[in-house]
Amino acid sequence: MYRDNYIHALRTEIVEMVEEHLTPAAIKYGYSQTPLETNIKWRPMVLVIGNYSSGKSSLINEFLGAEIQDTGQAPTDDSFTVLTYDDSVSEKQGIQVIEQRDGKALLNDPEYPFSNLRKHGQRFSSHFQLKKINSPFLKDLAIIDTPGMLDSITERDRGYNYQEVIGDLAQKAGLVLVLFDAHKAGTVREAYKSIRETLTANTFEDRIIFVLNRIDECSSFNDLLRVYGTLCWNLSQITGRKDIPMIRMTYSSSIKSAVRKINDNTDYLPLLENQREDLRQAILQTPMRRLDHLASYVEVHGERLCHYIESILAYRQKSGKYRMQKLFTGFLSGMLGGSLAAFLLMLLAGGMDLTILLSVAGGVGTLIFILWTISIQPRLELKYHNILAEDIDSLTTVDDQTRKDSWAAIRDLVNSHVLKNKKHFSVYELKKDLFEVRSAYNEDSKEIREALSELSIMSDQDFEQWEKDRLAHEEYQKEKQEMSSAEIMRNSLKHMY
Ligand SMILES: Nc1nc2c(ncn2[C@@H]2O[C@H](COP(=O)(O)OP(=O)(O)OP(=O)(O)O)[C@@H](O)[C@H]2O)c(=O)[nH]1
Ligand SMILES: [Mg+2]
């Protein structure tokens, strides 16, 4: 419990760091339209995806301790359902849905981190909902049940881009469970690809768990081995890796006993440990994993934001330098034109007064310069701007893989910033913001990593001590506040009399 409080406090601190140090610059320069903390502000989420009828909803119901989600053999549920906690009704009165909200309300409520899913349109919003449940399993996390995957042709009929929705949700999730069942082990290819593309490489491996479910339905041990082998082969094809990720094998014991009455070929089951409990523990660990995810979130977005500002700065510096060069050319042309005019006048009129000659030279020079700045200079600048917009890669250097990855992520954003060319941030302003964001994010990520390694060695006594210190600090703050309000009261009374 103290440990949970500690993790919660650490999480809040990280979110505040993002809110204070990264979001202002991210919004100002158009790196993001929504505050960066929107994605991480809410409770840790577990996303459950997989084939239709692979047992997603049954698994979730089992963990929640009640039949909350509909289950059935045909594709049953075509909604994305966010399941979250509400303890306004005691669990002793039965685990139940306390409140239900539809997609529209959910997508527009700033309390939830789903506003960026609005882009998936009306059809998606009518297939999105939230249920508040009084199950203790949800105390520190939320679960998202998803419609089962169908073949790719049927996917197109949904009316929204299913893969993209999965990708967006996976980005917010602290843990993604990918469920397969013995019958259809190959149909997750597209969704897997979209998750892979959305999650950054360093957070990917530890955030995804593969589950081979409904193993009680194999007709024999050999059949199970065949299914397992096929799944491993499919996964290695999708992941492009030779080492096979760990696959947890599970089944629902309550459903299994019903099946067993008809099919008694499941003698192999006692040979295997049902990894249902492992899975439960892994899900309950999500708040802890989430901290790692948050640390990477700060690092990745800190790095990318700096890279982004740096590129805009390079753009401003290059175009600024070009502008000065061309203005100088305009100035030189003016000088040359003015001198030429004075020289010609002297030749034609002869013996002219020096003051008149100088005024003619100055007048003609100024006129040429003005003409240059209003007609030639803007054209040259526009031409140069177009060259820069076409050769956007010249705005940065990518000397290692991290820079390459971050450039790939921000290239389009930089491009649209350059194309719009609307807001002219000064070089000074850009340099100042870049310095501030970089130093804040370096410091923040160092602090977060230190806190995480400290957390990994903290004992129960340490957590208890932390809780005591926290309470003492809160008490102290309260007393201080009471004292200062008493002081204010005394002072105002003094003034009155
Ligand atoms: N034998 C057996 N049947 C299972 C198991 N888990 C689920 N089922 C059955 O499989 C069917 C589908 O289960 P659901 O939980 O609805 O599957 P789902 O993945 O949520 O399906 P969709 O929402 O339609 O994608 C139901 O009839 C369940 O009773 C299991 O471990 N063993
Ligand atoms: Mg379901």
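Given the structure is predicted, the values throughout are model-derived calculations rather than measurements.

Conventions and cut-offs
Residues numbered from 1 in each chain as written. Chains lettered and ligands numbered in written order. Predicted model: local features only at pLDDT ≥ 70, side-chain atom pairs only at ≥ 80, totals over all residues. Heavy atoms only, no water. Helix = DSSP H or I, 4+ residues; strand = E, 2+ residues; numbered from the N terminus. Areas by Shrake-Rupley, 256 points an atom, 1.4 Å probe, with all protein chains shown as cover. Buried < 20%, exposed > 50% of the residue type's maximum accessible area, 1.4 Å probe, protein only. Contact = heavy atoms within 4.5 Å. Pairing = 2+ DSSP bridges. Axes fitted to C-alpha atoms, helices over the stretch in contact; angles between N-to-C directions. Parallel < 35°, antiparallel > 145°, perpendicular 65-115°, else oblique. Left-handed = near helix turned anticlockwise from the far one by under 90°. Nonpolar A, V, L, I, M, F, W, Y, C, P; charged D, E, K, R; others polar. UniProt positions renumbered as here; feature names shortened; annotations may be inferred. Phe/Tyr/Trp six-rings, centres within 6.5 Å; stacked < 30°, edge-to-face > 60°. Core = buried A, V, L, I, M, F, W, Y, C linked by side-chain atoms within 4.5 Å. Patch = residues over 30% accessible without salt bridge, like charges linked within 9 Å, V, L, I, M, F, W, Y side chains within 5 Å. Salt bridge = Lys/Arg side-chain N within 4 Å of Asp/Glu carboxyl O. Lys, Arg positive; Asp, Glu negative; His and termini not counted. Charge placed at Lys NZ, Arg CZ, Asp CG, Glu CD.

## Focus on the overall build of the chain
The helix and strand tally for the chain stands at 17 helices and eight strands. Carbon and sulfur atoms provide 55% of the accessible area of the chain, an area that totals close to 26700 Å².

## A short note on helix H3 (residues 56–64)
Among the nine residues in H3, seven count as buried, and that is most of the element. By the burial criterion, the buried members of H3 are Lys-56, Ser-57, Leu-59, Ile-60, Asn-61, Phe-63 and Leu-64. Buried residues belonging to H3 abut strand E1 (45–50), strand E2 (80–85), strand E4 (128–133), strand E5 (142–145), strand E6 (175–181) and helix H12 (276–284). Within two residues after H3, Gly-65 carries a phi angle of roughly 90 degrees, on the positive side.

## Describing the sheet that holds E2
Sheet architecture is open: eight strands sit in the order E3-E4-E2-E5-E1-E6-E7-E8, paired in mixed fashion. Both outer strands of the open sheet, strand E3 (97–102) and strand E8 (247–249), are each paired with one neighbouring strand and no more. In this sheet, adjacent strand axes meet at a mean angle of 25 degrees when their direction is disregarded. When E1 meets E6, the two strands line up parallel, connected through five bridges. The partner of Val-48 across the bridge, within E6, is Leu-177.

## Remarks on the pairing of E5
Side chains Ala-142 and Ile-144 project from E5 onto one buried face, and the interleaved Ile-143 and Asp-145 project onto a second face that is buried too. Relative to E5, E1 runs parallel, the two sharing four bridges. Bridge pairing in E5 links Leu-47 to Ile-144. With three bridges joining them, E2 and E5 adopt antiparallel strand pairing. Among the inter-strand pairings, Leu-83 is bridged to a residue of E5, identified as Ile-143.

## Details of the side chain of Thr-23
Within the secondary structure, Thr-23 sits in helix H1 (residues 2–28). Excluding anything up to four places from it in sequence, Thr-23 contacts Val-18, Pro-35, Leu-36 and Glu-37.

## Comments concerning the packing of helix H13 (residues 286–349) against helix H14 (residues 354–390)
Between H13 and H14, whose axes approach to 7 Å, the crossing angle comes to 150 degrees. Relative to H14, the element H13 lies roughly antiparallel. Crossing angle aside, the handedness with which H13 passes H14 is right-handed. Residue composition of the contact of H13 with H14, by class: 18 nonpolar, twelve polar and four charged.

## Notes on the UniProt feature "transmembrane region" (unreviewed entry) in the chain
According to UniProt, the positions carrying the feature "transmembrane region" (unreviewed entry) are residues 327–348 and 354–374. Across residues 327–348, the secondary structure splits into 100% helix and 0% strand, with the terminal C-alpha atoms separated by 31 Å. Secondary structure across residues 354–374 comprises 100% helix and 0% strand; the distance between its end C-alpha atoms is 30 Å.

## A few points about the packing of aromatic side chains
What the rule picks out here adds up to 16 aromatic pairs. Between Tyr-6 and Phe-463 the ring centres are 5.5 Å apart and the planes differ by 65 degrees, which places this aromatic pair in the edge-to-face class. Residue Tyr-6 is located in helix H1, and its partner Phe-463 is located in helix H17 (residues 460–496); the two are separated by 457 residues in the primary sequence. Looking at Tyr-6, the relative accessible area reads 8%, which means it is buried. Under the relative-accessibility criterion, Phe-463 is labelled buried at 2%. Arranged with centres 4.6 Å apart and planes meeting at 70 degrees, the rings of Tyr-29 and Phe-425 form a pair that is edge-to-face.

## Description of the nonpolar core
With 48 residues, the main nonpolar core has Tyr-29, Leu-305, Ile-309, Leu-395, Val-414 and Leu-455 as its most contacted residues. Among the elements that make up this core, the one with the highest residue count is H13 (14 residues). What Leu-395 contacts, discounting residues up to four positions off in sequence, is Ser-311, Ala-314, Tyr-315, Lys-318, Leu-388, Val-414 and Val-418. Listed in part, the 43 residues of the second largest apolar core include Ile-49, Phe-114, Leu-117 and Phe-210.

## Things to note about the environment of Trp-466
As for its placement among the helices and strands, Trp-466 is situated in helix H17. Taking the C-alpha atoms as reference points, Trp-466 and Tyr-6, separated by 460 residues in sequence, lie 7.8 Å from one another. Once residues within four sequence positions are removed from consideration, Trp-466 is found in contact with Tyr-2, Asn-5, Tyr-6 and Ala-9.

## Side note on a nonpolar patch on the surface
Where nonpolar side chains cluster on the molecular surface, the patch consists of Leu-340, Phe-343, Leu-344, Met-346, Leu-347 and Leu-348 and spans about 660 Å² of accessible area. With respect to the element layout, Leu-347 can be found in helix H13.

## Focus: the environment of Leu-272
As for its position among the elements, Leu-272 is in the loop between helix H11 (253–262) and H12. It is 9.3 Å that separates the C-alpha atoms of Leu-272 and Thr-250, two residues lying 22 residues apart in sequence. Discounting chain neighbours no more than four positions away, the residues touching Leu-272 are Ile-215, Leu-224 and Met-249.

## Focus: unusual backbone geometry
Non-glycine residue Ser-53 carries a positive phi angle of around 60 degrees. In this fold, Ser-53 is placed in the loop between E1 and H3. Residue Ser-53 is classed as buried on the basis of its relative accessible area of 13%. The phi angle at Arg-214 is positive, at roughly 60 degrees, despite the residue not being glycine. Assessed through its relative accessible area of 14%, Arg-214 is described here as buried.

## Description of a negative patch on the surface
Together, Glu-13, Glu-16, Glu-19, Glu-20, Glu-443, Glu-447, Glu-450, Glu-454, Asp-460, Asp-462 and Glu-464 make up a negatively charged patch on the protein surface. Counting only elements with at least two residues in the negative patch, the list comes to H1, helix H16 (427–457) and H17. When you line up the elements, Glu-443 lands in helix H16.

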